[in-house]
Amino acid sequence: CGAPACRAGAGAGGRDSHSDMSIYSRILGTGSFLPPKRLTNADLAAELAQQGVETSDEWIVERTGIRARHFAAPEVGSSDLATEAGRRALEAAGLTAADLDLIIVATSTPDMVFPSTATMVQHKLGAAGCPAFDVQAVCSGFIYALTVADSMIRAGSAKNALVIGAEVFSRILDFKDRTTCVLFGDGAGAVVIGASDQPGILATDIHADGKHRDILCVPGHVSGGNVLGDPVLKMDGQAVFKLAVGVLEETARASLAKANLTDADIDWLIPHQANIRIMQSTARKLKMSSDKVVVTVDQHGNTSAASIPLALDTAVRDGRIQRGQTLMLEGVGGGFTWGSVLLRY
Ligand code: ACO
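Values in this document were obtained by computation on a predicted structure and should not be read as measured data.

1. Observations regarding the pairing of strand β4 (residues 102-106)
With five of five residues buried, β4 lies mostly within the body of the structure. When β4 meets strand β6 (residues 160-168), the two strands line up parallel, connected through five bridges. Among the inter-strand pairings, A106 is bridged to a residue of β6, identified as G165. As paired elements, β4 and strand β5 (residues 132-135) share four bridges and run parallel to each other. From the neighbouring strand, A106 faces β5, where its bridge partner is V135. Where the polypeptide runs from β4 across helix α5 (residues 117-125) and back to β5, its parallel neighbour, the crossover connection is right-handed.

2. Quick look at helix α8 (residues 237-258)
Between its first and last C-alpha atoms α8 spans 31 Å; for 22 residues at 1.5 Å apiece the expected length is 32 Å, and the two agree. Within α8 the residues assigned to the buried category are V240, A244, V245, V247, L248, T251, A252, S255 and L256. Elements that come into contact with the buried residues of α8 comprise β8 (201-208), β9 (216-217), β12 (234-235), α9 (276-285), β14 (326-333) and β15 (337-344). One or two positions beyond α8, positive phi appears at N260, with a value near 55 degrees.

3. Brief notes about the site of the ligand
Neighbouring residues of the ligand: 23 residues in total, closest T55, R63, Q238, H272 and N275. Separating an oxygen atom of the ligand from a side-chain N or O atom of W59 is a distance of 3.1 Å. Take Q238: an N or O atom from its side chain is 2.8 Å from an oxygen atom of the ligand. Considering the ligand on its own, with 1000 Å² of exposed area, one finds that the protein chains cover 75% of that surface. Mapped by element, the contributors of at least two residues to the shell around the ligand are α3 (57-64), α7 (178-181), α8 and β14. Broken down by element, the shell around the ligand gets its largest block of residues, four residues, from α8. Residues that form the shell around the ligand fall into these classes: 10 nonpolar, nine polar and four charged.

4. A short note on the sheet that holds strand β13 (residues 268-271)
Pairing is mixed in the open sheet, where four strands are placed in the order β8-β15-β14-β13. Of all the strands in the sheet, just β8 and β13 have a single pairing partner and so form its edges. If you compare each strand with its neighbour and ignore which way they point, the axes differ by 10 degrees on average. With eight bridges joining them, β14 and β15 adopt antiparallel strand pairing. Bridge pairing links T326 to R344 in β15. In this fold helix α6 (residues 141-154) packs onto β8, β14 and β15, with an angle of close to 125 degrees to the strand it touches most, β8.

5. Quick notes on the layout of surface pockets
Of the voids in this model, the largest pocket is the one considered here, and its volume is about 720 Å³. Around the largest pocket, the lining is made up of 27 residues, and of these S108, P110, I172, V218 and G220 lie nearest the centre. Among the elements of the structure, β9 and β10 (221-223) are those that each provide at least two residues to the lining of the largest pocket. Residue composition of the lining of the largest pocket, by class: 17 nonpolar, eight polar and two charged. A volume near 530 Å³ is recorded for the second largest pocket. Taken together, 23 residues form the lining of the second largest pocket, with L183, M235, G237, F241 and N275 sitting closest to its centre.

6. Some points on the packing of aromatic side chains
With the rule as written, the count across this model stands at two aromatic pairs. Above the plane of the ring of W268 lies K292, whose end atom (NZ or CZ) is 4.9 Å from the centre. In this structure, R323 packs its charged tip against the face of Y345, placed 3.9 Å from the ring centre.

Here is what the cut-offs are and how they apply
Residues numbered from 1 in each chain as written. Predicted model: local features only at pLDDT ≥ 70, side-chain atom pairs only at ≥ 80, totals over all residues. Heavy atoms only, no water. Buried < 20%, exposed > 50% of the residue type's maximum accessible area, 1.4 Å probe, protein only. Helix = DSSP H or I, 4+ residues; strand = E, 2+ residues; numbered from the N terminus. Pairing = 2+ DSSP bridges. Right-handed = clockwise from strand over helix to strand, strands pointing away. Expected span 1.5 Å × (residues − 1). Contact = heavy atoms within 4.5 Å. Near = heavy atom within 4 Å. Polar contact = N/O pair within 3.5 Å; in protein donor to acceptor, adjacent residues only side chain to side chain. Areas by Shrake-Rupley, 256 points an atom, 1.4 Å probe, with all protein chains shown as cover. Nonpolar A, V, L, I, M, F, W, Y, C, P; charged D, E, K, R; others polar. Axes fitted to C-alpha atoms, helices over the stretch in contact; angles between N-to-C directions. 1 Å grid on protein atoms, 1.4 Å probe; cavity = no way out; pocket = protein on both sides within 12 Å on 5 of 7 lines; lining within 4 Å. Points joined across faces, edges and corners; volume = space filled by probe spheres on them. Phe/Tyr/Trp six-rings, centres within 6.5 Å; stacked < 30°, edge-to-face > 60°. Lys NZ or Arg CZ within 6 Å of the ring centre and 35° of its normal.

Spelled out as structure tokens, the structure:
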């Protein structure tokens, strides 16, 4: 609704209370894809032991909740995982690639420096012409991408958008650093969102604070035909942990306030899957029981931008998430970046 009074009442990032004339975006279908190679903690510990790096299933499970992760084959890139997840989301939505007028891929592990992974996905899906671009916000990437797609749909510049989170984090891990290499996995998750007169996405909330850029980063870069700096992931785990639990509660509360809802209205919390202890702590702060939290970190590890849509698709396909339910999606990642999307499925 374009009435100034109505806009003023909606609040930044919130939605008009009038339903006439308003355009919303809603999820039409979800999909995901994991590369077939699966490593349990014991498998990974055995591989690391050959390089003199010591770890154990007990340590990894106790500190993180992770039991297994998937790694892509060397010839497989983020665009391959993304394309498969996108295909599945399109099928679930009952659409084809020709129906898309926007493709956004969230990734920090693109196939190439350029062009974007999204343009590769567009071509592999057999589409052409619609805008396609990547969003780089590390583990918050999917939340950022969904926020951008929602804004473009509400502005009337897109009707059907494919939003994907896809990563091959195995390519940027230092397998001599046991404090990081046990945490991450590869995969992709996707949603198709479409314009609707019914909500849909109820509120979005995204933030960044670059002063924390050094606590989680891959500092290497390409220059003069060489890789300069260290092109593997570096993390101060305890600093990340402390920041994450604070901002995840803040952003969830901000989205709820924008939509005039409370934590009691959330049916499912679908957080970024970094660490079970961060997820449990967020659930406690939102007064949610742990059986309302979708957990896939145990089977996927941390798949960065892919983790939220992978978890969403898992719970949609196993029947836990039902149409009409209220979902809180939230993420935090390098930058630091963080944010949430509150939606009616
Ligand atoms: N196996 C065995 N021992 C290990 C391993 C391992 N894989 N990694 C570390 N250790 C040892 C350390 O060497 C240390 O040994 P010491 O006491 O002899 O020195 C001991 O375990 C404790 O190490 P800490 O780093 O203090 O362990 P901590 O309890 O902080 O757990 C962890 C580390 C799991 C990374 C934790 O800090 C954490 O969860 N942080 C959140 C970060 C996160 O989830 N990041 C994901 C990416 S960020 C994102 O997605 C938002």
